[in-house]
Amino acid sequence: MATSLRAYFEDYAAGRIAHEEMLTTVAAWPLEEREWDLAHTLPDHQDNIAEVISGAVLLNRITEDDYREIWRRRGQIV
């Protein structure tokens, strides 16, 4: 498994990972809580947070249908 969710999406977008494998893996990925530091105003670039999944849609690495399916499989219907 890639060390970060962001890197995993990059591998998927490059065609190195099959679609069903991506859905299954990301749905089971251990997501971390975002670390908030009010003194730090720039993006923190955490790699294994829920926002990375949303970002993958914005970057056209996954589709909106993939996004919904990932959350459905995680048991968090979108």
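As a starting point, this report considers the structure included with it. Quantities reported herein were computed from a predicted structural model and do not represent experimental measurements. (Residues numbered from 1 in each chain as written. Predicted model: local features only at pLDDT ≥ 70, side-chain atom pairs only at ≥ 80, totals over all residues. Heavy atoms only, no water.)

**Regarding the overall build of the protein chain**
Okay, so step 1: Helix and strand counts for the protein chain stand at 4 helices and 0 strands.
Okay, so step 2: Mapped in sequence order, the helices and strands of the protein chain form the string α-α-α-α.
Okay, so step 3: A separation of at least 24 residues holds for 50% of the contacts in the protein chain among residues at least 6 apart in sequence.
Okay, so step 4: As presented, the protein chain carries roughly 5,300 Å² of accessible surface, and 52% of it is formed by carbon and sulfur atoms. (Helix = DSSP H or I, 4+ residues; strand = E, 2+ residues; numbered from the N terminus. Contact = heavy atoms within 4.5 Å. Areas by Shrake-Rupley, 256 points an atom, 1.4 Å probe, with all protein chains shown as cover.)

**A look at the nonpolar core**
Okay, so step 1: Ranked by internal contacts, the top residues of the largest apolar core, which has 17 residues, are L5, F9, M22, V26, I53, I62 and I70.
Okay, so step 2: Within the residue set of this core, elements represented by two or more residues are α1 (5-13), α2 (19-28), α3 (50-58) and α4 (64-73).
Okay, so step 3: When neighbours within four sequence positions are excluded, M22 is seen to be in contact with Y8, F9, Y12, I17, I62, D66 and I70. (Core = buried A, V, L, I, M, F, W, Y, C linked by side-chain atoms within 4.5 Å. Buried < 20%, exposed > 50% of the residue type's maximum accessible area, 1.4 Å probe, protein only.)

**Some points on the side chain of D66**
Okay, so step 1: Inspection of the secondary structure assignment puts D66 in helix α4.
Okay, so step 2: The buried charged residue D66 lacks any salt bridge partner; its closest oppositely charged side chain belongs to R73, at an N-O distance of 8.3 Å.
Okay, so step 3: When sequence neighbours within four positions are dropped, the list of residues in contact with D66 reads Y12, H19, M22 and L23. (Lys, Arg positive; Asp, Glu negative; His and termini not counted. Salt bridge = Lys/Arg side-chain N within 4 Å of Asp/Glu carboxyl O.)

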